[in-house]
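# Tertiary structure, described
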Amino acid sequence: MRKKLGLLSILVIASMNSFSADFIVGDGVTATVQTSDTSMFFDNATIGSNLNGNGLFEATDSYIKVNGSRGLEIGVNKGIGEFNMTNQILELTDSSGSVVIGNNEGKGKFNGQNLSITTLNGFGGGYGLNSSANIILDNSTLNTSDFMLGWLRNTEANMNMTNSTISALENFRVGYTGGTGIINAKDSFITTKDFVVSGYNSNSTLYSAFSGGVASVNLDNSSLSASGRIDIGRGDNANGTLNLSNNSKFITSSLIDLGAGGKGYININNSKLEGSIINMSQYIDVSSINSTDKWEQGYGEITIKNNSEIKLDSINSFGVATLNLGGKETDSPSNIGTFDVKDISLEGTINLNHTGLDLKSNILENNDTTVNSLAGHTEFEGNNKYKGITTIFEDSSINTEVTSGLSPNSDFIINNGALLSFGTVDQTVASLQNDGTFTFNNNSLSMNVAGDYRTNNGVINIYTTLGDDASITNKLEIKGNSIGTGIINVTNDGGTGDYTETGIEIVSVGETSEATFTLASPVQAGAFE
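To keep things clear, this report deals only with the structure shown in the data block. (Residues numbered from 1 in each chain as written. Predicted model: local features only at pLDDT ≥ 70, side-chain atom pairs only at ≥ 80, totals over all residues. Heavy atoms only, no water.)

It is worth spelling out the overall build of the chain at this point. Secondary structure assignment for the chain yields 1 helix and 48 strands. Relative to its full complement of 529 residues, the chain shows a buried share of 54%. If you sum the accessible surface of the chain, you get close to 20900 Å²; carbon and sulfur atoms cover 44% of it. (Helix = DSSP H or I, 4+ residues; strand = E, 2+ residues; numbered from the N terminus. Buried < 20%, exposed > 50% of the residue type's maximum accessible area, 1.4 Å probe, protein only. Areas by Shrake-Rupley, 256 points an atom, 1.4 Å probe, with all protein chains shown as cover.)

Take a look at the structure:
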């Protein structure tokens with residue numbers, strides 16, 4: 001038995017009602033159903049289907065139960081459907097039944113206010129080619145097995161949720177196999193096993209050919225918890241973004257893949273991320289299982305700013321990636337907050353654009369890691385071995401007090417108006433260009449430059465206990481060449497002066513010495529100069 005509403009029909013239902021049948025509103029025609037304070041039972045329900053179909057279903061203070069395997073369909077097969085429900089319960093009981101909003105060139109809208117939704121199979125919008133969906137959840141709960149938003153290419157799906165909760169037992173996927181999906185969550189909770197933002201089904205010959213989609217999940221004072229697979233930007237042309245802002249939280253014990261064969265971004269603003277490992281920029285096979293191999297290099301980027309809290313075992317990349325601490329290059333510097341990451345192994349760029357950071361992470365040996373100190377003062381407190389260039393820009397500074405705080409494999413550049421300093425233990429760098437200021441923090445340390453030292457009016461601040469030829473002093477030991485013109489500022493550290501024969505050596509050059517160093521001011525101790 002099928003209950004079907006025809007052309008321009010309007011049905012108003014009040015009090016208790018029961019339909020043991022398929023319920024169809026707007027099949028090729030325009031139709032509206034309005035109901036309040038009712039209990040309605042269907043085998044399957046379709047709102048807006050087929051060409052010229054336009055269905056509207058509105059329910060208030062009602063209980064709706066769908067028992068069939070097709071479940072509830074809204075805007076399918078080129079139809080337009082809208083489902084608005086306020087207060088009470090929507091329940092789908094069949095293990096195959098789903099809520100499908102916008103499928104196969106259809107356009108669907110779902111508006112749930114103060115609603116409890118339960119479906120044993122799935123819930124989602126933008127399922128088929130060229131379909132669209134718009135979903136609103138306000139002060140509502142959704143319990144389902146699979147949540148999907150934006151499935152297959154040329155689909156567009158959006159969801160806004162406020163003060164609501166979604167619990168997906170198996171999958172939460174947005175922008176899958178070529179679709180576009182956007183979720184804006186405010187004061188809400190999302191709990192799931194697998195979490196995918198722009199991905200594709202690598203085990204399907206049909207769907208993997210469409211590759212990843214374009215998707216973003218935006219959390220505002222909201223919480224996300226995932227215990228299984230986590231992919232953000234997986235597949236050829238995939239573009240996935242997770243934005244955490246305003247005290248949002250993302251808690252997981254699982255590996256996070258960011259930009260595997262596609263582009264993946266995580267932006268954390270005044271929020272918390274706690275997990276184990278993030279792997280960025282992986283090189284993966286994005287072909288379908290029966291086609292010729294097609295490999296793509298991915299790209300991952302993480303930006304952390306404004307009093308956030310990060311706790312991870314490691315951040316790794318397998319291709320070019322970017323880690324922005326305090327903000328991107330174009331952002332104003334911010335207080336990053338807490339950054340508790342044990343190891344960083346990154347092929348790409350680390351931008352230090354903050355107002356102050358104790359960087360305890362070990363930046364591990366990698367083929368090419370660029371470190372840009374753009375703003376603020378950074379304390380390097382880890383055991384660093386990275387290769388690549390470290391540039392300290394104007395009005396920023398780096399200091400270390402630990403062994404290998406300055407990577408011995410990195411070429412350091414100090415720009416005009418920038419500062420590099422260290423204390424406690426000797427340091428070694430691959431090469432050093434000093435156009436700013438380099439400072440020893442006490443008088444018993446040496447800086448070893450394995451390659452060349454270049455300077456353009458750069459300043460070296462050293463401490464010396466002025467006395468005889470064997471006086472305790474800082475020393476710049478250059479194994480390669482010295483080039484340019486520099487200034488040395490000597491501070492007497494308790495010396496009373498004495499006669500010298502060869503003088504106190506503060507700079508040594510292993511190869512060609514072409515640099516000219518001048519004293520910033522006369523050096524005097526007692527009667528000796």
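On we go from here.
Moving on: the pattern of salt bridges. Within this structure, the stated rule accounts for 14 salt bridges. Across the pair Arg70 and Asp22 runs a salt bridge whose closest N-O atoms are separated by 3.8 Å. One end of the pair, Arg70, is in the loop between β7 (54-66) and β8 (71-76); the other, Asp22, is in strand β3 (residues 22-27), with 48 residues separating them in the sequence. When the shortest N-O distance is used, the salt bridge between Arg234 and Asp257 registers 3.8 Å. Taken together, the residues Arg234 in strand β22 (residues 230-234) and Asp257 in strand β25 (residues 256-260) connect sequence positions 23 residues apart. Note on accessibility: Arg234 and Asp257 belong to one class, buried. Salt bridges sharing partners connect three or more residues here, namely Arg229, Asp231, Arg234 and Asp257. (Salt bridge = Lys/Arg side-chain N within 4 Å of Asp/Glu carboxyl O.)

In this section: the side chain of Asn461. Along the chain, Asn461 falls in strand β44 (residues 453-464). For Asn461, a relative accessible area of 19% translates into the label buried. Residues in contact with Asn461, not counting those within four places in the same chain, are Thr437, Phe438, Thr439, Phe440 and Asn489. (Contact = heavy atoms within 4.5 Å.)

Right, let's get into the packing of aromatic side chains. Counting across every chain of the model gives 16 aromatic pairs. Taken together, a centroid distance of 5.9 Å and an interplanar angle of 25° make the contact between Phe422 and Phe438 stacked. In this pair, Phe422 sits in strand β39 (residues 419-422) while Phe438 sits in strand β42 (residues 437-440), placing the two residues 16 residues apart along the sequence. With a relative accessible area of 0%, Phe422 lands in the buried category. Taken together, Phe23, Phe42, Phe57, Phe83, Phe110, Phe123, Phe147, Phe172, Phe195 and Phe250 form an aromatic cluster joined through their ring pairs. In this arrangement the basic side chain of Arg173 is found over the ring face of Tyr176, its NZ or CZ atom lying 4.7 Å from the centre. (Phe/Tyr/Trp six-rings, centres within 6.5 Å; stacked < 30°, edge-to-face > 60°. Lys NZ or Arg CZ within 6 Å of the ring centre and 35° of its normal.)

With that out of the way, let us pick up the sheet that holds strand β47 (residues 507-509). As a general point, the strands of a sheet are linked pairwise by backbone hydrogen bonds and lie either parallel or antiparallel. The strand order across the open sheet formed by 4 strands is β40-β43-β45-β47, and the pairing between neighbours is parallel. The open sheet has two edge strands, β40 (427-429) and β47, and neither has a second partner. Averaged over all neighbouring strand pairs, the angle between strand axes comes to 15°, with direction disregarded. Two elements, strand β43 (residues 446-449) and strand β45 (residues 475-478), share 4 bridges in a ladder whose sense is parallel. If you follow Val449 over to β45, its bridge partner there is Ile478. (Pairing = 2+ DSSP bridges. Axes fitted to C-alpha atoms, helices over the stretch in contact; angles between N-to-C directions.)

Once that is clear, we can look at the nonpolar core. With 103 residues, the main nonpolar core has Ile64, Phe83, Phe110, Phe147, Leu323, Leu325 and Phe339 as its most contacted residues. Of all hydrophobic cores here, the second largest spans 5 residues; its members include Met148, Trp151, Leu152 and Tyr176. (Core = buried A, V, L, I, M, F, W, Y, C linked by side-chain atoms within 4.5 Å.)

For strand β15 (residues 141-151), a buried count of 9 out of 11 residues is recorded, marking the element as mostly surrounded by other parts of the structure. Relative to β15, strand β12 (residues 116-119) runs parallel, the two being bridged by 3 bridges. For Thr118, the partnering residue across the bridge sits in β15 and is Asn143. With 4 bridges connecting them, strand β13 (residues 122-125) and β15 associate as parallel partners. Within β15, the residue paired with Gly124 across the bridge is Met148. Summarising the sheet, β15 and strand β17 (residues 165-176) pair through 9 bridges and their orientation is parallel. The residue of β17 that forms the bridge with Thr141 is Thr165.

For Asn158, the location among the structural elements is in strand β16 (residues 156-162). Looking at Asn158, the relative accessible area reads 29%, which means it is partly exposed. Put simply, Asn158 and Asn134 are 24 residues apart on the chain and 5.0 Å apart in space, counted from C-alpha to C-alpha. What Asn158 contacts, discounting residues up to four positions off in sequence, is Ala133, Asn134, Ile135, Leu149 and Ile182.

Quick look at unusual backbone geometry now. Even without glycine at this site, Asn52 takes up a positive phi of about 70°. Along the chain, Asn52 falls in the loop between β6 (45-49) and β7. Phi is positive for Gln88, close to 80°, though the residue is something other than glycine. Tracing the backbone through its elements, the reader meets Gln88 in strand β9 (residues 80-92).

A word on the pairing of β42. One ladder, built from 4 bridges, connects β39 with β42; its direction is parallel. Paired with Leu419 across the strands is Thr437, a residue of β42. Across 3 bridges, the pairing between β42 and β44 is parallel. The residue of β44 that forms the bridge with Phe438 is Ile460.

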